[in-house]
Amino acid sequence: MMNSMSMKPRNKVVTLSQFIADEQEKTPGASGNLSKIFRDIKLAAKLMHRDVNKAGLVDILGAHGSTNVQGEEVKKLDVIANDEFISSITAGGDCCAIISEEEDYIRHLNPDAKYVIAMDPLDGSSNIDVNAVIGTIFSIYRRVSPIGTKATEEDCLQKGVNQVAAGYVIYGSSTMLVYTTGNGVNGFTLDISIGDFCLSHPDFKTPSTGKIYSINEGNFHQFPQGIKDYLKKCKEASMSARYIGSMVADFHRNMIKGGIFMYPQTEKAPNGKLRLMYECNPMAFLCEQAGGKATTGSQRIMEVEPTELHQRVPVIMGSAEMVDDCVAHL
Ligand code: AHM
Ligand code: MG
């Protein structure tokens, strides 16, 4: 029989739901709607974890529009992700609109709800078919139009500084959900044995500097001279180049280890590639909350005035000292 003196108390497990409930209690006047949105995101993230992990088995990789051996339509994983997040958020009833990188228009939901979501349901699409890390990015805003009316473009096109919450889910060697509501960043790892996200990275801070630079150097000849100069400096300092082409994965690694992520303008893409509403703003919010910086090179990302749903902006983000150094070269 085990002696009670010999029993080691286990560390307290804090689930995402518990953490959010505790946070809600600390916020005077909180209605609980934001917590319910997290419940919906969490459900969709778990469904995505399942789908990503069995993607090869059930033939959901590949081009949308083809058919599988049973003659059924094969859904591309990013279409599945879009459907799963939208279904979950729609069913939850706590958002008045969703804008998604996968869609060309605003999807109007419950007019009586006060929040708007912007999301990239499956980021890193080029990694889907090669079993590499992909993610989901989301951003939540409070509507500016009156509750009870149809959400407007103004509700959906707000500056990043207005974000109420932002986060990402990374489908990697484990699945994690990392989010902020403006009180620091916390990371939760999905424990599949209990089917829940558990707090694994409390009050996540990024180092003020690091040794990693992440950029698609295939575009080198098209970069502005300042970026070329900064990259030369990175090489002279024998820094490590790390770039998988999945923003969530590149960003997550750099957040933990310290580093800089760049997708600057190129001759072919004068505003860069990444989308302000679905990728840059949420990651900028997380980055700043973790102690880092995020800029277009000339302006803080979260202060850019959005003018269209799929607007692109150049981005330089990560460890504060590295971002400052890069910007000093521009
Ligand atoms: P996606 O949303 O279609 O997946 O595109 C965004 C992705 C980012 O995750 C990544 O940082 C970037 O595109 C990679 O682009 P490139 O292949 O040009 O380096
Ligand atoms: Mg994307």
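These lines cover the structure that appears in this document, whether it is placed above or below. As the structure is a computational prediction, the values presented were derived from the model and not from experiment.

Definitions and cut-offs
- Residues numbered from 1 in each chain as written.
- Chains lettered and ligands numbered in written order.
- Predicted model: local features only at pLDDT ≥ 70, side-chain atom pairs only at ≥ 80, totals over all residues.
- Heavy atoms only, no water.
- Helix = DSSP H or I, 4+ residues; strand = E, 2+ residues; numbered from the N terminus.
- Rg over C-alpha atoms; globule rule 2.2 N^0.38 Å.
- Buried < 20%, exposed > 50% of the residue type's maximum accessible area, 1.4 Å probe, protein only.
- Contact = heavy atoms within 4.5 Å.
- Areas by Shrake-Rupley, 256 points an atom, 1.4 Å probe, with all protein chains shown as cover.
- Lys, Arg positive; Asp, Glu negative; His and termini not counted.
- Charge placed at Lys NZ, Arg CZ, Asp CG, Glu CD.
- 1 Å grid on protein atoms, 1.4 Å probe; cavity = no way out; pocket = protein on both sides within 12 Å on 5 of 7 lines; lining within 4 Å.
- Points joined across faces, edges and corners; volume = space filled by probe spheres on them.
- Nonpolar A, V, L, I, M, F, W, Y, C, P; charged D, E, K, R; others polar.
- Pairing = 2+ DSSP bridges.
- Axes fitted to C-alpha atoms, helices over the stretch in contact; angles between N-to-C directions.
- Donors = N, O, S within 2.8 Å, 3.2 Å for Na, K, Ca; no water.

### Focus: the overall build of the protein
Okay, step 1: Of regular secondary structure, the protein possesses nine helices and 13 strands.
Okay, step 2: The C-alpha atoms of the protein give a radius of gyration of 20 Å, which matches the 20 Å a tight globule of 330 residues would have.
Okay, step 3: A principal-axis box enclosing the C-alpha atoms of the protein has dimensions of 60 × 60 × 55 Å.
Okay, step 4: When each of the 330 residues of the protein is scored for burial, the buried share is 52%.
Okay, step 5: Considering only residue pairs separated by 6 or more positions, the protein has 63% of its internal contacts joining residues 24 or more positions apart.
Okay, step 6: Of the accessible surface of the protein, which amounts to about 15200 Å², a share of 50% is contributed by carbon and sulfur atoms.
Okay, step 7: Between the centroid of the 33 positive side chains of the protein and the centroid of its 39 negative side chains there is a distance of 5 Å.

### Describing the side chain of Ser35
Okay, step 1: Structurally, the position occupied by Ser35 is in helix H2 (residues 33-53).
Okay, step 2: Under the relative-accessibility criterion, Ser35 is labelled buried at 17%.
Okay, step 3: Every residue in contact with Ser35, bar those within four places of it in the chain, is listed here: Ile20 and Gln24.

### Regarding empty space enclosed by the protein
Okay, step 1: The full count for this structure, using the stated rule, is one cavity of 30 Å³ or more.
Okay, step 2: Elements with a contribution of two residues or more to the lining of the largest cavity: helix H7 (247-257) and strand E13 (315-318).
Okay, step 3: For the lining of the largest cavity, the leading source of residues is H7, giving three residues.
Okay, step 4: For the lining of the largest cavity, the class distribution of residues is five nonpolar, two polar and no charged.

### So, the sheet that holds strand E8 (residues 196-201)
Okay, step 1: Strand order in this open sheet of eight strands is E2-E1-E3-E4-E5-E6-E7-E8, and the pairing throughout is mixed. Whereas interior strands pair on both sides, the edge strands pair on one side only; in this sheet they are strand E2 (107-108) and E8.
Okay, step 2: By the bridge criterion, two bridges tie strand E1 (residues 95-100) to E2 in an arrangement that is antiparallel. What sits directly across from Ala97, in E2, is His108.
Okay, step 3: Running at roughly 10° to strand E6 (residues 175-180), helix H1 (residues 16-26) makes contact with E6, strand E7 (185-191) and E8 of the sheet.
Okay, step 4: Contacts between helix H8 (residues 276-289) and the sheet are confined to E1, strand E3 (115-123), strand E4 (134-142), strand E5 (163-171), E6 and E7, with E5 contributing the most and set at about 100° to the helix.

### Some remarks on the coordination of the magnesium ion (ligand 2)
Okay, step 1: Note on the magnesium ion (ligand 2): its protein donors are Asp120 (OD), Asp123 (OD) and Glu279 (OE). The metal-donor distances range over 1.8 to 2.1 Å.
Okay, step 2: Written as a sequence motif, the donor arrangement for the magnesium ion (ligand 2) is D-x2-D-x155-E. For the pair formed by Asp120 and Asp123, the shared burial category is buried.

Function cannot be read off these values alone, since they describe shape.
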